[in-house]
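Below, each chain spelled out in residue letters.
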Amino acid sequence: MALYDNRRRRNSIAMGLSLAATLFGLGWLVLILGVLLWEGFSGLSLAVFTEMTPPPGSDGGLLNAIVGSLMLTVLAILIGTPIGMLAGTYMAEYGRYDRLTTIVRFINDILLSAPSIVVGLFIYEILVAPIGHFWGGAGAAALAMLVIPVVVRTTEDMLTLVPDTLREAAASIGLPRVLMITRVAYRAARAGLVTGVLLAVARISGETAPLLFTALNNQFWSLDLNAPISSLPVVIFQFALSPYKDWQKLAWTGALIITLSVLALSIVARALATPRRST
Amino acid sequence: MVDMALHASSAEIERAQSRAKVLDRLRLGDIAFRHLTRASAMTVLAILGGVIVSLVIGAWPALQAFGFDFLITERWNPVTEKFGALAPIYGTLVTSFIAMLIAVPVGLLIAVFLTELCPLFLRRPIGIAIELLAGIPSIIYGIWGLFIFAPFLQETLQPFLIGLFGNVPVLSALFAGPPYGIGVLTASLILAIMVLPFITSISRDVFDAVPPVLKEAAYGIGCTTWEVVRYVVLPYARIGVIGGVMLGLGRALGETMAVTFVIGNAHRVSASLIAPGTTISATIANEFTEAVGDLYTSSLIALGLILFVITFIVLAAARYLLLRLEGRVG
C-alpha cells in the first residue's frame, strides 16, 4: 500500500503544482491589467484626446502621438498587406508544392519572431542614414516589415483551408486562375484574411523599438511624413523614463489606450476566425 | 465546314475575334498575376537578405577596428571610442537563461493543467486569457516593471535574497550589492512573464496532438494523471515542446522595450544578479539616437548583427524541430 500512497501523493503534488502554475500565470494578467486600468483611467480625460503632448510641468494630452500612431499604422498596413497577401497567395495557390514556398515559409516564420529592433536598424541603414534625417515614412516602412510576415502566414493558412472543390468548380466553368483566386478563393477566405490584417495591426500598434531611430518623435503637431513624427509607444517610452510626475501619468494613460486597442483587436480577430476552426 | 466558315456573317467573325481577345487578356492577366505573387514571395526572402547585408555593411567599420576583440572585451567607452560587446552579450544570455529557467516549468505545468485537469468549459477562456498575455505590447510590461514590479522587488524579494544568501560562500556573490530594484534579476522575471504564454500555447497544442489511444491505454493499466503526463505525453511531445521552448527563447533574446525599462543600462559584467546590467537590445534602444561618431554607430549596429545571428540560429532550430513534428503528425 505504501507504493500506492506514494504514487497518489506524487500525483496530487504534481497536479497541485500545475494548478498553482495556472493561477500564477493568470495572476500576472490580472495584476498587469489591474494596475494599468487603475493608473490609466485616473488620468483619462477629454484633454488626452484634444491636446498636444505638453512640456514638463504643464497640462496636455496625447493628440499628436495618437494621430501620428494612426498614420504610421495605416501606412504600414497599406504597404505591408498587399505584399504579404500576394506572397501568401503564391504559396497557397500557384506554388503550393514548390521548393520556393517551403523556403519562403521557413524564412517567414523566422521573420515572424525576429527581434523588431533589428528591423529598425535595417530601415535606419537603408532609409534614414542615406537621407540624413529621421522621418515618419521610415517608421511606417519599419512597421510594414513587421506586417508582412503576419499577413503572409495568415493568408497562406486561410487560403489552404478553402476547399479544393470550389477551385475545381471555378476551373470547370473556364475561369482562368487569376479570377478563380480573386473571385472565389479570396471571397471564401475573406473572414480569415481580415483576421490576418487585424492581427498585424495588433502586432504593430504597440511596437516601439523599430520607431526609436526611424520615425523618432516630435513634440509638436505634425502630419509631415518627411519629418520626425510622434507616436504613442515612443511618447510612452520617453515620458515613463522622465522624472516628471505629469509625464508619467500621461505615459500610463497612453499605455492604457494602446493595450485596450490591442486587446480589442485580438478579441475581434479571434471572433472572426473562430467559425472556421473545427475546435 | 469550309462553306459554313465562308458564309458566316461578319458579326460572328467579330464575336470570335473579341472572344479571342478576351481570352488573350485573361491569359496575360493570369501570367502577370502569377509573376506578381511570385515576386511578392521573393520579397520575403529579399527582406531577410537585406537585413543581413545592411547589418554587415553597417557593422563593418567596428568589426574592422576591433576585430575579434569586439566579442570578448568589456570596455564600452564612447569618449575614447573603444567598444566591446561582452557586457551586452553576457546580459542578453543571462537574462534569457534565467527567464527560461522560470518560464519553461511553469509554462509546461499550465499546459498540463489545460490539457489534463481543467474542466472543459474553462479550457477555452483560460487558454484565451493566457494568449492575451502574449498580445500585450512589450512596452506595457516595461512601464509596469519600472513603476510597480521593480519597487516591489526592491522592498521584498531582493532584501530577502540578500539576507538569505548573504553568508553562503558562492551564492552571496550572486546577490551582492544593494537592492536597486532594477537590474538583471528584475529584467529576467519580466522576460519570464512575457515568454510564458508562447511556451504554454505551443506545449498545449502539442499535448493535444498526442493520440488519445496512448493516454487511454496508460490510464487503463492504472497510471495516475502525473504518470500519464510524465511517461506518455511528455516523451511523445518532446520535439514539439523543445521547439516551443526555443521559440520562446528567441523572443526572450530579442525582447527590447520591457528589458530597457528595468535593466539599468550599466556596461559591465557582474556576477551579481541584482546589479544593473544591460542587454544587446537595451543598449541599442538606449544609445542609438544619441550615438555620435561613425565608430559608435557602427559598434551598435554590430551589436544588432550579433543579436540577429543568435536569434536566427535559435529560431531556425525551433522552426526546424516544429516542422519535423508537423511532418510526423500530418
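Predicted model, so just to flag it, every value in this text is computed and none were measured.

The rules behind these values
- Residues numbered from 1 in each chain as written.
- Chains lettered and ligands numbered in written order.
- Predicted model: local features only at pLDDT ≥ 70, side-chain atom pairs only at ≥ 80, totals over all residues.
- Heavy atoms only, no water.
- Helix = DSSP H or I, 4+ residues; strand = E, 2+ residues; numbered from the N terminus.
- Rg over C-alpha atoms; globule rule 2.2 N^0.38 Å.
- Contact = heavy atoms within 4.5 Å.
- Buried < 20%, exposed > 50% of the residue type's maximum accessible area, 1.4 Å probe, protein only.
- Salt bridge = Lys/Arg side-chain N within 4 Å of Asp/Glu carboxyl O.
- Buried area = accessible area lost by both parts, 1.4 Å probe.
- Polar contact = N/O pair within 3.5 Å; in protein donor to acceptor, adjacent residues only side chain to side chain.
- Axes fitted to C-alpha atoms, helices over the stretch in contact; angles between N-to-C directions.
- Left-handed = near helix turned anticlockwise from the far one by under 90°.
- Nonpolar A, V, L, I, M, F, W, Y, C, P; charged D, E, K, R; others polar.
- 1 Å grid on protein atoms, 1.4 Å probe; cavity = no way out; pocket = protein on both sides within 12 Å on 5 of 7 lines; lining within 4 Å.
- Points joined across faces, edges and corners; volume = space filled by probe spheres on them.
- Phe/Tyr/Trp six-rings, centres within 6.5 Å; stacked < 30°, edge-to-face > 60°.
- Core = buried A, V, L, I, M, F, W, Y, C linked by side-chain atoms within 4.5 Å.
- Expected span 1.5 Å × (residues − 1).
- Parallel < 35°, antiparallel > 145°, perpendicular 65-115°, else oblique.

Colleague: What is the right way to look at the overall build of chain B in this model?
Modeller: Scanning chain B from terminus to terminus reveals 14 helices and 2 strands. Since a compact globule built from 330 residues should have a radius of gyration of about 20 Å, the 28 Å found for chain B marks it as more spread out than a globular shape. Seen through its principal axes, chain B has C-alpha atoms that stretch 110 × 70 × 35 Å. Taking the intrachain contacts of chain B between residues at least 6 apart in sequence as the baseline, contacts between residues at least 24 apart amount to 74%.

Colleague: Which parts of the structure should I look at to understand helix α13 (residues 280-287) of chain B?
Modeller: The periodicity of an α-helix, 3.6 residues per turn, causes residues three or four places apart in sequence to face the same way. Along α13(B), 8 of the 8 residues are buried, which leaves the element largely enclosed by surrounding structure. Regarding α13(B), the residues found buried are B:I280, B:S281, B:A282, B:T283, B:I284, B:A285, B:N286 and B:E287.

Colleague: Quick question: what am I supposed to make of unusual backbone geometry here?
Modeller: The phi dihedral of A:L216 is positive, around 55 degrees, even though this residue is not glycine. As for its placement among the helices and strands, A:L216 is situated in the loop between α10 (209-212) and α11 (232-240). Positive phi is not limited to glycine here, since B:E81 has a value of about 60 degrees. Checked against the element boundaries, B:E81 lands in the loop between β1 (76-77) and β2 (82-83).

Colleague: When you look at the pattern of salt bridges in this model, what are you seeing that I'm missing?
Modeller: The tally for this structure, following the rule as stated, stands at 16 salt bridges over all chains. Residue A:E39 is joined to A:K249 by a salt bridge in which the shortest nitrogen-to-oxygen separation is 3.9 Å. Linking A:E39 in helix α1 (residues 2-42) with A:K249 in helix α12 (residues 245-273), this pair joins segments that are 210 residues apart in sequence. A:K249 sits in the partly exposed class, given a relative accessible area of 33%. For A:R153, the salt bridge identified is with A:D109, shortest N-O distance 3.1 Å. With A:R153 in helix α6 (residues 136-161) and A:D109 in helix α4 (residues 99-112), the pair connects residues that are 44 residues apart, well separated along the chain. When salt bridges with common partners are traced through the structure, they connect A:D109, A:R153, A:D157 and B:R319 into a single cluster.

Colleague: Which parts of the structure should I look at to understand the side chain of A:T154?
Modeller: All names here are of chain A. By the secondary structure assignment, T154 is in helix α6. Residue classification places T154 among the buried residues on the basis of a relative accessible area of 11%. Apart from residues no more than four positions distant in its own chain, T154 is found in contact with G196 and L199.

Colleague: Can you walk me through the interface of chain A and chain B in this structure?
Modeller: The parts lose accessible area when they come together, and the size of an interface is often stated as this lost area. With 81 residues of chain A at the contact, the number on the chain B side is 81 residues. Together chain A and chain B conceal approximately 7,300 Å² of surface at their shared face, both sides included; 81% is due to carbon and sulfur atoms. If you look at where chain A meets chain B, you find 4 salt bridges. Between B:R38 and A:D98 there is a salt bridge, and its shortest N-O distance comes to 4.0 Å. The interface formed by chain A and chain B contains 8 residue pairs in polar contact (both at pLDDT 80 or more).

Colleague: Mind showing me how you'd approach the packing of helix α4 (residues 86-117) of chain B against helix α9 (residues 184-208) of chain B here?
Modeller: Residue and element names in this part refer to chain B. Relative to each other, α4 and α9 sit at 35 degrees, their axes nearing to 6 Å. Remark: the crossing between α4 and α9 carries right-handed chirality. The residue inventory of the contact of α4 with α9, partitioned by class, reads 22 nonpolar, 7 polar and 2 charged.

Colleague: Please clarify how the side chain of A:S116 should be interpreted in this entry.
Modeller: Residues and elements named next belong to chain A. Inspection of the secondary structure assignment puts S116 in helix α5 (residues 116-128). Looking at S116, the relative accessible area reads 11%, which means it is buried. Once you skip the residues sitting within four places of it in the chain, S116 turns out to touch L146, E207, A209 and P210.

Colleague: Please explain the layout of surface pockets as it appears in this structure.
Modeller: If you roll a probe as big as a water molecule over the atoms, it shows you where there is empty space left. Taken as a whole, the second largest pocket spans an internal volume of roughly 280 Å³. In this structure, the second largest pocket is lined by A:L212, A:F213, A:L216, A:N217, A:V234, A:F237, A:Q238, A:L241, B:A285, B:N286, B:T289 and B:E290. At the level of secondary structure, the elements contributing two or more residues to the lining of the second largest pocket comprise α11 of chain A together with α13 of chain B. Here the lining of the second largest pocket gets 3 residues from one element, more than from any other, and that element is α11(A). Considering only residue class, the lining of the second largest pocket consists of 7 nonpolar, 4 polar and 1 charged.

Colleague: Before we go on, may I ask you to explain the packing of aromatic side chains in this structure?
Modeller: By convention here, two paired aromatic rings are described through the distance between centres and the angle between planes. Residues and elements named next belong to chain B. Inspection of the entire model under this criterion finds 19 aromatic pairs over all chains. Ring centres 5.2 Å apart and planes at 20 degrees place the aromatic pair F165 and F175 in the stacked group. Placement of F165 in helix α7 (residues 157-165) and of F175 in the loop between α8 (169-174) and α9 is noted, with a sequence separation of 10 residues between them. The interplanar angle of 45 degrees and the centroid separation of 6.0 Å between the aromatic rings of F308 and F312 together place this pair among those described as tilted. Of this pair, F308 and F312 are both found in helix α14 (residues 294-329), 4 residues apart, which corresponds to roughly one turn of the helix. With relative accessibility at 5%, the residue F308 sits in the buried group. Of the residues examined, F312 reaches a relative accessible area of 25% and is grouped as partly exposed. Site record: aromatic cluster; members linked through ring pairs are F66, F70, W76, F83 and Y296.

Colleague: Hey, could you run me through the nonpolar core in this one?
Modeller: Most often, soluble globular proteins have nonpolar side chains that are buried together. In terms of nonpolar packing, the biggest core is built from 187 residues, with B:Y141 and B:F207 touching the most fellow members. Apart from residues no more than four positions distant in its own chain, B:F207 is found in contact with B:L108, B:A111, B:V112, B:T115, B:K215, B:V233, B:L234, B:A237 and B:V241.

Colleague: So what exactly am I meant to see when it comes to α6(A) here?
Modeller: Relative to the 38 Å expected for 26 residues at 1.5 Å per residue, α6(A) spans 37 Å between its end C-alpha atoms, a close match to the ideal helical length. Buried residues dominate α6(A), accounting for 22 of its 26 residues.

Colleague: What's the story with the packing of α1(A) against helix α5 (residues 120-135) of chain B in this structure? I'm lost.
Modeller: The packing of two helices is summarised by the inter-axis angle and the distance between the axes. In the contact formed by α1(A) and α5(B), the axes pass within 9 Å of each other and the chain directions differ by 55 degrees. Considering their axes alone, α1(A) and α5(B) lie oblique with respect to each other. Here α1(A) runs over α5(B); the crossing is left-handed. Here A:T22, A:G25, A:L26 and A:L29 of α1(A) lie close against α5(B), whose contacting residues are B:I126, B:A129, B:I130 and B:L133. Taken together, the residues that form the contact of α1(A) with α5(B) break down as 6 nonpolar, 2 polar and no charged.

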